Amino acid sequence: MNKFSLVATTASLALAASLGAAAAQSRDTIQIAGSSTVLPFASIVAEEFGQAFPEFTTPVVGSGGSSGGLRQFCTGVGENTIDIANASRRIRASEIEACNTAGVNDIREIQIGYDGIVFATGADKEDFALEPVHVFKAIAAEVPVDGEMVANPYTTWNEIDESLPEQPIALAIPASNHGTREVFEERVLHEGCEAAELPEMSEDEMDAACLALRQDVVVEIAGDYTETLARLQSNPDTVGVFGLSFYDQNRDSLKVATMSGITPSLETIASGEYPVSRPLFFYVKGEHIGTIPGIEEYVQFFLSDQMAGMGGTLEGAGMIPAPAEETAEVLAEFEEGKSLTAADVQ
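Residues numbered from 1 in each chain as written. Predicted model: local features only at pLDDT ≥ 70, side-chain atom pairs only at ≥ 80, totals over all residues. Heavy atoms only, no water.

### Let's talk about the confidence of the model for the chain
Should the pLDDT be low somewhere, the predicted coordinates at that spot are not to be read in detail.
For step 1, the next point in the chain: Across the chain, the average pLDDT comes to 90, with 92% of residues at 70 or higher.
For step 2, the next point in the chain: In the model, residues 1-25 has pLDDT below 50 throughout and makes 43 contacts with residues more than four positions away in sequence or in other chains. (pLDDT = per-residue confidence, 0-100. Contact = heavy atoms within 4.5 Å.)

### Re the pattern of salt bridges
For step 1, the next point in the chain: Here the structure, examined in full by the defined rule, presents 13 salt bridges.
For step 2, the next point in the chain: In this structure, the salt-bridge partner of glutamate 220 is arginine 181, at a minimum N-O distance of 3.0 Å. Of this pair, glutamate 220 sits in strand S9 (residues 218-221) while arginine 181 is found in helix H8 (residues 179-195), placing the two residues 39 residues apart along the sequence.
For step 3, the next point in the chain: You can call glutamate 220 partly exposed: its relative accessible area is 39%.
For step 4, the next point in the chain: The salt bridge partner of aspartate 248 is arginine 251, with a shortest N-O separation of 2.9 Å.
For step 5, the next point in the chain: In this structure arginine 251 comes out as partly exposed when scored by relative accessible area, which is 47%. (Salt bridge = Lys/Arg side-chain N within 4 Å of Asp/Glu carboxyl O. Helix = DSSP H or I, 4+ residues; strand = E, 2+ residues; numbered from the N terminus. Buried < 20%, exposed > 50% of the residue type's maximum accessible area, 1.4 Å probe, protein only.)

### What to know about the side chain of glutamate 287
For step 1, the next point in the chain: Counting through the fold element by element, glutamate 287 comes out in the loop between strand S13 (277-285) and helix H13 (295-302).
For step 2, the next point in the chain: Nearest to the buried, unbridged glutamate 287 among oppositely charged side chains is lysine 285, at 6.9 Å.
For step 3, the next point in the chain: Among the polar contacts made by the side chain of glutamate 287, one reaches the main-chain amide nitrogen of asparagine 105 at a distance of 2.7 Å. (Lys, Arg positive; Asp, Glu negative; His and termini not counted. Polar contact = N/O pair within 3.5 Å; in protein donor to acceptor, adjacent residues only side chain to side chain.)

### Focus: the packing of aromatic side chains
For step 1, the next point in the chain: Inspection of the entire model under this criterion finds 15 aromatic pairs.
For step 2, the next point in the chain: Ring centres of phenylalanine 242 and phenylalanine 246 lie 5.4 Å apart, and the angle between their planes is 5°; on these two criteria the pair is classed as stacked.
For step 3, the next point in the chain: Positioned above the aromatic ring of phenylalanine 334, the side-chain terminus of arginine 108 is 5.4 Å from the ring centre.
For step 4, the next point in the chain: A cation sits over an aromatic face here: lysine 285 above phenylalanine 73, 5.1 Å from the ring centre. (Phe/Tyr/Trp six-rings, centres within 6.5 Å; stacked < 30°, edge-to-face > 60°. Lys NZ or Arg CZ within 6 Å of the ring centre and 35° of its normal.)

### Some points on unusual backbone geometry
For step 1, the next point in the chain: Positioned with a positive phi, aspartate 146 is a non-glycine residue whose angle comes to about 55°.
For step 2, the next point in the chain: Topologically, aspartate 146 is positioned in the loop between strand S6 (142-145) and strand S7 (148-151).
For step 3, the next point in the chain: For serine 260, which is not a glycine, the phi torsion comes out positive at approximately 55°.
For step 4, the next point in the chain: Along the chain, serine 260 falls in the loop between strand S12 (258-259) and helix H12 (266-270).
For step 5, the next point in the chain: Of the residues examined, serine 260 reaches a relative accessible area of 34% and is grouped as partly exposed.

### What to know about the state of the cysteines
For step 1, the next point in the chain: For the coordinates displayed, the defined rule picks out 2 disulfides.
For step 2, the next point in the chain: Put simply, cysteine 74 and cysteine 99 are joined by a disulfide, and their sulfur atoms are 1.9 Å apart. Residues cysteine 74 and cysteine 99 are joined through a disulfide that is left-handed, its torsion about the S-S bond being -75°. Of this pair, cysteine 74 sits in the loop between helix H4 (66-73) and strand S3 (84-87) while cysteine 99 sits in helix H5 (residues 93-101); the two residues are 25 residues apart in sequence, bridging distant segments of the chain.
For step 3, the next point in the chain: Since its relative accessible area comes to 0%, cysteine 99 is described here as buried.
For step 4, the next point in the chain: Paired by a disulfide, cysteine 193 and cysteine 210 hold their sulfur atoms 2.0 Å apart. Torsion about the S-S bond of the cysteine 193 and cysteine 210 cystine: about -70°, corresponding to left-handed handedness. Of the two residues, cysteine 193 is situated in helix H8 and cysteine 210 in helix H9 (residues 203-211); the sequence distance between them amounts to 17 residues.
For step 5, the next point in the chain: Among the residues examined, cysteine 193 registers a relative accessible area of 1% and is labelled buried. (Disulfide = S-S within 2.5 Å.)

### Comments concerning helix H3 (residues 39-52)
For step 1, the next point in the chain: With 14 residues, H3 should cover 20 Å at 1.5 Å per step; its first-to-last C-alpha distance of 20 Å lies within 8% of that length.
For step 2, the next point in the chain: For H3, the complete set of buried residues consists of Leu39, Phe41, Ala42, Val45, Ala46, Phe49 and Gly50. With its buried residues spanning 160° around the axis, H3 presents them on a single face. (Expected span 1.5 Å × (residues − 1). Arc of directions from axis to C-beta.)

### Overview of helix H10 (residues 225-234)
For step 1, the next point in the chain: Among the residues of H10, Tyr225, Thr228, Leu229 and Leu232 are the ones counted as buried. An end-on view of H10 places all buried positions within 100° of arc, on one side of the element. Within H10, the exposed residues directed more than 90 degrees away from the buried face are Gln233 and Ser234.

### Section: the environment of glycine 312
For step 1, the next point in the chain: Within the secondary structure, glycine 312 is located in the loop between helix H14 (305-308) and helix H15 (313-316).
For step 2, the next point in the chain: Here the alpha-carbon distance between glycine 312 and arginine 187, two residues 125 residues apart in the chain, equals 28 Å.
For step 3, the next point in the chain: Apart from residues no more than four positions distant in its own chain, glycine 312 is found in contact with Asp305, Gln306 and Met307.

### Side note on the packing of H3 against H13
For step 1, the next point in the chain: Interaxial distance between H3 and H13 falls to 10 Å at its minimum, and their mutual angle equals 115°. As for the relative orientation of H3 and H13, their crossing is right-handed in sense. Packed against H3, whose contacting residues are Phe41, Ala42, Val45, Ala46, Glu48, Phe49 and Ala52, the element H13 presents Glu297, Tyr298, Phe301 and Phe302 at the interface.
For step 2, the next point in the chain: Each residue belonging to the contact of H3 with H13 can be placed in one class, and the counts come to 9 nonpolar, no polar and 2 charged. (Axes fitted to C-alpha atoms, helices over the stretch in contact; angles between N-to-C directions. Left-handed = near helix turned anticlockwise from the far one by under 90°. Nonpolar A, V, L, I, M, F, W, Y, C, P; charged D, E, K, R; others polar.)

Here it is in structure tokens:
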């Protein structure tokens, strides 16, 4: 485990001074919001951090989705803004620019590990062996038929591919406020769209056709995965999109589909075999370091072997650990005060 230093970098202290001593005295609790995927991991770390460091108040962790958390993060610097944003995708250049405009210039990126996006049904349903093209054809507003784009005619999965169950098509997918949605679009819809061999059209038309969804069978979930699970319970024909960690916690009631012949697991995601996986992050507001107590110590504790390492607490909770050397580099860059710019994520 790392030794935790109470000394912030000179640059961070200079930036934090803009908050003023009054702000430091008026809030002594780290405020965190964002990704529903990262939420359970951050909650575990926050609770254990509070026990391990009684000199600090236990951090408060909220949800709201990756985009929602980053919007809060980028509203400015000061005691009424959050200190850390959890995200199941990387921050965008446009979000960094919004941060900079609001005076948030010291943005420190912390990659904590990996997660996989899974498709799951109720445990009593038939097995699904999915390909990205199956999902695209199930939920696209228009699909190619005899070289022409037509309104989606499919009503059951076996109409798309006879190997799939004769089950009405219904999907609960993450809404646009979730980082999960971006990965779903990139790794499933775009790849499925390409495999579906759409007729020739402009690049803009192609992009629109790949992402336009039918409204009769798709429910977009703005809340966390418990809302998706509730949808499966209210309509047993629903296929839900979850993070692997949530599925692992609900194996008794869910059955996971394979994707491109690979079953999602800690092992297949860590090895890169499972095709629908993503890195997990949180972002630290450097201006608050040294002003809001415990931020540096929280980051160091989160990235410790005890928490994020192989065999650590978070692996037990379903997060796939990053290689030790990768985590060590992330921690070193944080401690050196390396901040992210829009050019870094272009």
